[in-house]
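Secondary and tertiary structure notes
Here is how the chains run, residue by residue.
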Amino acid sequence: MTRTVVFTATAILIGQSLSSCAAFSPAASTSSFSFALNDAVNTPVEPPLNPLLSQIKPSKTVEVFSLVKQMEAEGETVTSLCVGEPDFAPPQCVLDAATAAMNGGQTRYTAVTGTADLRKAIAEDLKSRKGVEYNPVTEIVVGNGAKQCVYQGLLAACGAGDEVVVPAPYWPSYPEMALLVGASPVILETSVDDGYLINPDALDKCLEEHPKAKVLMLCNPSNPTGGVHSTELLTQIAKVLEKYPNVVILADEIYERLVYTDDGQCTSFASLPGMFSRTITINGFSKSHAMTGFRLGYLAAPERFAKATSVLQGQITSCASSVSQAAGVSALNDVDDSWLENNVVIMKEKRDYVLQELAKMDGVSVSVPPNGAFYVLPDVSKYYNGDDTQLCLDLLKEKKLALVPGESFGAPGTVRISYATSMEELETAMTKLREFLESL
Ligand SMILES: Cc1ncc(COP(=O)(O)O)c(C=O)c1O
């Protein structure tokens, strides 16, 4: 009864305050009131959620990570290789820039597309390192992490009735984001023989069979395989795309500073002849500068797309954090290349160690050694009849080791290992995994 009174009072208050608005609808206060009455007779009406949600899967990585955090809160010690974030701190100058920004009064909204300083620094960085020229005023949109930029890019490029080609194995957010914008994901399988990279002929066939395809997701380097498409392969992909002028390429290059090939290069798709006008490039600071918590990423695209995404962002979050943006300026202007190169050396050592340990494990194979990012996707299908989810659950329960099931990346029978952690943690993890598999 008390609750009813509260709800009734709330309904009246809402009604009163709303009645002063031009858009007030009496129906709104009536429905609040009928909720109160229904509550009174103990048959609460449950307003339905957005039907779109029934199609969306929660992120498995986030689920596993939440489980880890819960176990840790209960006093357990868990070895976690599930989350994709570097274990080191951002460079000191970045932290200092953030502090200076706060103390210097940079605590207010910025322009929707980001501060002029950051957009200028991004444009200069893309021009000098990737050979792509963007107008910092009209072609760069800074957002709250690359993830938001991917979503806004998709929202700008496609919608209901369209299809989004997602090469598998994929970052799990891609198909879910496609659904969120009302489009349908079309999974383009890649093969171990092709190094889990896009096969141009298979892409051609896929696009021919899917005339509604409006976007191709291109994750390069790839999460979760660590595959890096060479310039030659990207050029072949671009050649195929010439036949399909309506397809926009959403090039997620967030891992482009973590490449372990001899030349260490990752070509920007937008830099290929004819591709600039139809490519939306995504990048950010989470992986390269270990700035995951700053939530800072960006989208670079021809004005048409950039303008559309800034309109969307203006209605969704306004702008990225002013303090993070100041830190981002420092990340691009003050951090010496040697800091980034040193991280690549360290990460490569970790990759090599994990590969070497996995090679010793019976029934585990890494057919495609990663060349970039910080993930390995070993095949463990010899265990659990290929049920990687159950394997990960039991591994977490019995050995307190957290990996992410490959099924959520469109790669059943595999598990994803993130090696962006300390060497000590990696050694513990590899011992735990070996012992667990040997016990089966
Ligand atoms: C492929 C890919 N794109 C984008 C992101 C998002 O990065 P951010 O932290 O900048 O939102 C991630 C993070 O895991 C990722 O793996």
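In this text, all values refer to a predicted model and were calculated from it rather than measured experimentally.

To continue, consider the environment of G386. Residue position: G386 is located in the loop between β9 (375-376) and α13 (388-399). What makes G386 partly exposed here is the crowd of 16 C-beta atoms within 10 Å. Considering only alpha carbons, one finds G386 and V78, 308 residues apart in sequence, at a separation of 24 Å. Residues in contact with G386, not counting those within four places in the same chain, are S381, P412 and G413.

Here strand β7 (residues 279-284) lies mainly inside the structure; 6 of its 6 residues are buried. In β7, alternate side chains face the same way, and those of T279, T281 and N283 on one face and I280, I282 and G284 on the other are all buried. Sheet topology note: the strand β6 (residues 248-252)/β7 ladder contains 4 bridges and is parallel. When the sheet's bridge partners are listed, L250 is paired in β7 with I280. Alignment of β7 against strand β8 (residues 297-300), held across 4 bridges, turns out to be antiparallel.

Turning our eyes to something else, we now look at the site of the ligand. In the neighbourhood of the ligand, 14 residues make up the surrounding shell, with G145, A146, K147, N223 and S286 lying closest. Its residues assigned to classes, the shell around the ligand comprises 5 nonpolar, 7 polar and 2 charged.

Across the sheet, 3 strands lie side by side as β9-β12-β11; this open sheet has antiparallel pairing. Of all the strands in the sheet, the pair left with one neighbour each is β9 and β11 (404-405). The pairing of β9 with strand β12 (residues 415-418) spans 2 bridges and is classified as antiparallel. Of the residues in β12, the one forming a bridge with V376 is I417.

To continue, consider unusual backbone geometry. Most peptide bonds take the trans form, and the phi angle of most residues other than glycine is negative. Following A168, the chain continues to P169 via a peptide bond in cis, the omega torsion being 0 degrees. Between N220 and the following residue, P221, the backbone shows a cis peptide bond with an omega angle of -10 degrees. Mapped onto the secondary structure, P221 falls in the loop between β5 (213-219) and α9 (231-242). At R295, a position not held by glycine, the phi torsion is positive, near 50 degrees. Structurally, the position occupied by R295 is in the loop between β7 and β8.

This part takes up α9. Along its 12 residues, α9 runs 16 Å from first to last C-alpha, staying within 8% of the 16 Å computed at 1.5 Å per residue. Looking only at α9, the buried set comprises L234, I237, V240 and L241. Within α9, the buried residues cover an arc of 115 degrees as seen down the axis, which keeps them to one side. Within α9, the exposed residues directed more than 90 degrees away from the buried face are E232 and E242. In the core, the buried residues of α9 are packed alongside α8 (200-209) and β6.

Working definition: the strands of a sheet are paired by backbone hydrogen bonds and lie parallel or antiparallel to each other. An order of β2-β8-β7-β6-β5-β3-β4 is seen for the 7 strands of this open sheet, with the pairing classed as mixed. Of all strands in the sheet, those with a lone pairing partner are β2 (140-143) and β4 (184-189), marking the two edges. Direction aside, neighbouring strands of the sheet carry axes that sit 20 degrees apart on average. Contacts between helix α5 (residues 116-130) and the sheet are confined to β2 and β8, with β2 contributing the most and set at about 115 degrees to the helix.

With that settled, consider the environment of A123. Following the sequence through the fold, A123 ends up in helix α5. Overall, A123 belongs to the buried group, with 21 C-beta atoms counted inside 10 Å. Distance from A123 to E133, taken between C-alpha atoms, is 6.9 Å for residues 10 residues apart in sequence. Discounting chain neighbours no more than four positions away, the residues touching A123 are Y134, P136 and I140.

About the cut-offs
Residues numbered from 1 in each chain as written. Predicted model: local features only at pLDDT ≥ 70, side-chain atom pairs only at ≥ 80, totals over all residues. Helix = DSSP H or I, 4+ residues; strand = E, 2+ residues; numbered from the N terminus. Buried ≥ 20, exposed ≤ 12 C-beta atoms within 10 Å, placed from the backbone. Contact = placed C-beta atoms within 7 Å. Pairing = 2+ DSSP bridges. Near = placed C-beta within 6 Å. Nonpolar A, V, L, I, M, F, W, Y, C, P; charged D, E, K, R; others polar. Expected span 1.5 Å × (residues − 1). Arc of directions from axis to C-beta. Axes fitted to C-alpha atoms, helices over the stretch in contact; angles between N-to-C directions.

Read these as spatial facts, not as claims about activity.
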